[in-house]
Amino acid sequence: MQLVRHAVRKTVCEFGKAYPSAKTRNRNLADTFLKEETRSGRRTRCSNLATGAMDLQFNETNVRVSSREIIPQLTGDLYKGDLGRVGIVGGCREYTGAPYFGAFSALRLGADLSHVFCSRSAADIIKGYSPELIVHPYLYESEHLMESDDSFEFAQKAAEEVSDWFSRLDCLVVGPGLGRDPLNLECARLIIHAARVQGIPLVIDADGLHIVTVEPALITGCENVILTPNLNELHRLAFSKMKTPSDAIKGNASIEARRDMAYTLAMAFNGPTIVSKGATDIICCPEGFVECTVRSANRRCGGLGDVMAGCLAVFVSWEKRHSRMKEAEVGSFPDLVSAAYGACSVVRLAASNAFMEKGRSMLCGDVIEKIGLGLCKLESGGAGG
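Here the structure is a predicted model, which means the values were calculated and not measured.

About the cut-offs
- Residues numbered from 1 in each chain as written.
- Predicted model: local features only at pLDDT ≥ 70, side-chain atom pairs only at ≥ 80, totals over all residues.
- Heavy atoms only, no water.
- Salt bridge = Lys/Arg side-chain N within 4 Å of Asp/Glu carboxyl O.
- Helix = DSSP H or I, 4+ residues; strand = E, 2+ residues; numbered from the N terminus.
- Buried < 20%, exposed > 50% of the residue type's maximum accessible area, 1.4 Å probe, protein only.
- Axes fitted to C-alpha atoms, helices over the stretch in contact; angles between N-to-C directions.
- Parallel < 35°, antiparallel > 145°, perpendicular 65-115°, else oblique.
- Left-handed = near helix turned anticlockwise from the far one by under 90°.
- Contact = heavy atoms within 4.5 Å.
- Nonpolar A, V, L, I, M, F, W, Y, C, P; charged D, E, K, R; others polar.
- Core = buried A, V, L, I, M, F, W, Y, C linked by side-chain atoms within 4.5 Å.
- Phe/Tyr/Trp six-rings, centres within 6.5 Å; stacked < 30°, edge-to-face > 60°.
- Lys NZ or Arg CZ within 6 Å of the ring centre and 35° of its normal.

J.: I tried to follow the pattern of salt bridges on my own but got confused; where do I start?
T.: Side chains that differ in sign of charge can pair as their charged atoms come close. Inspection of the entire model under this criterion finds 13 salt bridges. With a closest N to O distance of 3.5 Å, Glu369 and Arg108 form a salt bridge. Taken as a pair, Glu369 in helix α14 (residues 364-369) and Arg108 in helix α5 (residues 97-109) lie far apart in primary sequence, 261 residues in all. Residue Arg108 is classed as partly exposed on the basis of its relative accessible area of 41%. Residues participating in the shared-partner salt-bridge network are Arg93, Glu94 and Glu143.

Right, here's the structure in full:
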């Protein structure tokens, strides 16, 4: 027990050293960015976005049509893997359901292969949930260390093992069930870095957002990244990246305030797409934003964020396969906006149908079972707001 406690203290110290140093290196850059934004009047425009929202808002109907075009047709000449190969990085001793929900949702949406890269403590449990998932016990938690072990060496080994699979993945989700164990977080941080270097599209959710909150520079400027914050996570990201006073945003959950904050944050990150989850999902990128007004359930059960993350990974995979031109024509929008809108629509439609059937007793598994129906409604044009 003493060895475990010592290992945890050692890992916490090393984890703490890694992040503040990165923040310190980028603090001047962030401050310079904010000063320039303020001088140019851009932040003022964003903080009062409602006055000029029409200039920045994408037409929802057009985005919906674009998201339908992403969905691949089922033909006889397809091979295993053609319709999506996704990976979920997450899962620890305490949390085994979240990575399962994300990975299994991806399969229910239509991905061919779904991998889970998790802690050794979680692997056997997740394998027991479904034989459909490919489970890799590569990550480490502090309890796995002995006194003489080098925690960074373990994290590096985990990142190398996961990155060996990058060539066989279309998109990687980081965060579901990751927990706050320092060594597990360090493994995930190095995996995010490796994915960015190799150009692997990323969806960062849940505890993965904690990593970005601590080190925003990790994904700043990266255009193939989607962040999926709820309201509280959005607040923390905004304070970390833009030093926005917490009293200016805390408790303000109106659509307009959340839209302004999400769009301003997308501008500050200068690349990643932000999906602000709520009663209305708001999808923001530096070029603009769109609100997903598709009707959802009146109940928010645990696990829906994990379902969303898995579905996002599939739509990103499909968008990658669709290979639309990067240089958008007039009136079109960035690829990840269409992908994110498609995923948001399907999950909201699935939740709505599950709620109509189950009411207050609706659980995450009920929503997953309705994902296929949600996709059919989106394809057929029955996803109107």
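J.: I tried to follow the packing of helix α13 (residues 335-358) against helix α15 (residues 371-380) on my own but got confused; where do I start?
T.: Their axes nearest at 8 Å, the elements α13 and α15 cross at an angle of 120 degrees. With respect to each other, α13 and α15 are oriented oblique. Crossing hand, α13 versus α15: right-handed. Residues Gly342, Ser345, Val346, Leu349, Ala350 and Asn353 of α13 pack against Ile371, Leu373, Gly374, Leu375, Lys377 and Leu378 of α15. The class makeup of the residues in the contact of α13 with α15 is 7 nonpolar, 4 polar and 1 charged.

J.: How should I be thinking about the nonpolar core in this particular structure?
T.: Soluble, globular proteins show a tendency: their nonpolar side chains are buried together. Leu109, Leu133, Ile283, Phe315, Trp318 and Ile371 are the most contacted members of the largest nonpolar core, which has 65 residues in total. Of all the elements, α13 adds the most residues to this core, at 13 residues. Membership of the second largest hydrophobic core comes to 54 residues, among which are Phe154, Ala194, Leu209 and Val225.

J.: What's the story with the packing of aromatic side chains in this structure? I'm lost.
T.: The description of two aromatic rings rests on the distance between their centres and on the angle between their planes. Going through the model one piece at a time under the given rule, you end up with 7 aromatic pairs. Ring centres 6.1 Å apart and planes at 35 degrees place the aromatic pair Phe117 and Tyr138 in the tilted group. With a gap of 21 residues between them, Phe117 in strand β2 (residues 113-119) and Tyr138 in strand β3 (residues 134-139) connect regions that are remote in the sequence. Taking relative accessible area as the criterion, Phe117 reaches 0% and is therefore assigned buried. Judged by relative accessible area, which is 17%, Tyr138 ranks as buried. A connected cluster of aromatic rings, assembled from ring pairs, spans Tyr100, Phe101, Phe104 and Tyr129. A cation sits over an aromatic face here: Arg168 above Trp165, 4.0 Å from the ring centre.

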